[in-house]
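Observations on the three-dimensional arrangement
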Amino acid sequence: MNRDRQLFRVADDIRGERQLNLQTLAEACVNRGLTVGLEDIELLANNFMPKGANFTVPVEVADFICELLIPRSPKTVFDPCAFSPVLALRIAERLKPDLYIANTLSRETIELAELVGTRGVKFETEDFVCQQGVSTQHFDAVVSCPPFGSYRRGPVSVNVNGESLLVRDDYASVALLKSCLQLERDGAVSYTHLTLPTNREV
């Protein structure tokens, strides 16, 4: 039986037993003796997650971003909105930075990363957008695939050059603004946009 069919069979077997999400699907595959990699997460996400709930960056896109970053050899990388672990894990796997911090609001993202191997990525469960104050830590690269079109209740206060601004914008745009303030002077930014339903609340 080929690999895709093995993964599909596991998904079919557990459908109805419990709520399907990427973490439970991947865990069920591991429990059946299958090794789960990043390509498998992408396959499971594309075939079993509702369109509006699939934040998985295709491995091919993650590889393209890696190619863009390789000439810069970033030693520190930051992802302010890791809604799926694939992007962070692939970049960490290929570029091997000294420090990779990925903020996520999803416990499932962390559990999935732990299941397939974190590759040195430090996942933090902080809401980067709503954090108060300005971090003094700076990064060589900011890479993310945040939920554009998703909103927070009320405005978010963002400190720009010592001035506090109230921003009423979608979550991803505020994350982009705040994360760029933490770039080194010649740092690189790569934000990927997935097409998702708009006006979702994060």
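Provided above is the structure to which this section pertains.
Residues numbered from 1 in each chain as written. Predicted model: local features only at pLDDT ≥ 70, side-chain atom pairs only at ≥ 80, totals over all residues. Heavy atoms only, no water.

1. Here's the deal with the side chain of Ser144
Note on placement: Ser144 falls in strand E4 (residues 139–144). Among the polar contacts listed, one links the side chain of Ser144 to the side chain of Asp79, at a separation of 2.6 Å. If we skip the residues at most four places from it in the chain, Ser144 touches Asp79, Pro80, Cys81, Leu87, Ser190, Tyr191 and Thr192. (Helix = DSSP H or I, 4+ residues; strand = E, 2+ residues; numbered from the N terminus. Polar contact = N/O pair within 3.5 Å; in protein donor to acceptor, adjacent residues only side chain to side chain. Contact = heavy atoms within 4.5 Å.)

2. Comments concerning the nonpolar core
Residues Ile91, Phe123 and Val143 are the most contacted members of the largest nonpolar core, which totals 45 residues. Mapped by element, the contributors of at least two residues to this core are helix H1 (3–14), helix H2 (22–31), helix H3 (38–48), helix H4 (59–69), helix H5 (86–95), strand E2 (99–103), helix H6 (107–116) and E4. Here this core gets seven residues from one element, more than from any other, and that element is H5. Aside from chain neighbours lying at most four places away, what touches Phe123 is Ala82, Pro85, Ala88, Leu89, Ala102, Thr109, Ile110 and Ala113. In terms of nonpolar packing, the next biggest core, distinct from the first, is built from 15 residues, Phe83, Phe148, Val174 and Leu183 among them. (Core = buried A, V, L, I, M, F, W, Y, C linked by side-chain atoms within 4.5 Å. Buried < 20%, exposed > 50% of the residue type's maximum accessible area, 1.4 Å probe, protein only.)

3. Overview of H1
Residues lying three or four places apart along an α-helix face the same way, a consequence of the helix completing one turn every 3.6 residues. Compared with the 16 Å implied by 1.5 Å per residue over 12 residues, the 17 Å span of H1 between its first and last C-alpha is a close match. Of all the residues in H1, the buried ones are Leu7, Val10, Ala11 and Ile14. Along the long axis of H1, the arc covered by the buried residues comes to 100 degrees, so they all point the same way. Buried-residue contacts for H1 involve H2 and H3. (Expected span 1.5 Å × (residues − 1). Arc of directions from axis to C-beta.)

4. Focus on the sheet that holds strand E8 (residues 183–191)
Reading across from one edge, E3-E2-E1-E4-E8 is the order of the five strands in this open sheet, with parallel pairing throughout. Two strands close off the open sheet at either side, each with one partner strand: strand E3 (122–124) and E8. Across the sheet, the mean angle from the axis of one strand to that of its neighbour is 20 degrees, orientation sign disregarded. Inspection of the sheet shows E2 paired to E3 by three bridges, in the parallel sense. The partner of Ile101 across the bridge, within E3, is Lys122. Set on the sheet, helix H7 (residues 171–180) makes contact with strand E1 (76–79), E4 and E8; between it and E8 the angle comes to about 155 degrees. (Pairing = 2+ DSSP bridges. Axes fitted to C-alpha atoms, helices over the stretch in contact; angles between N-to-C directions.)

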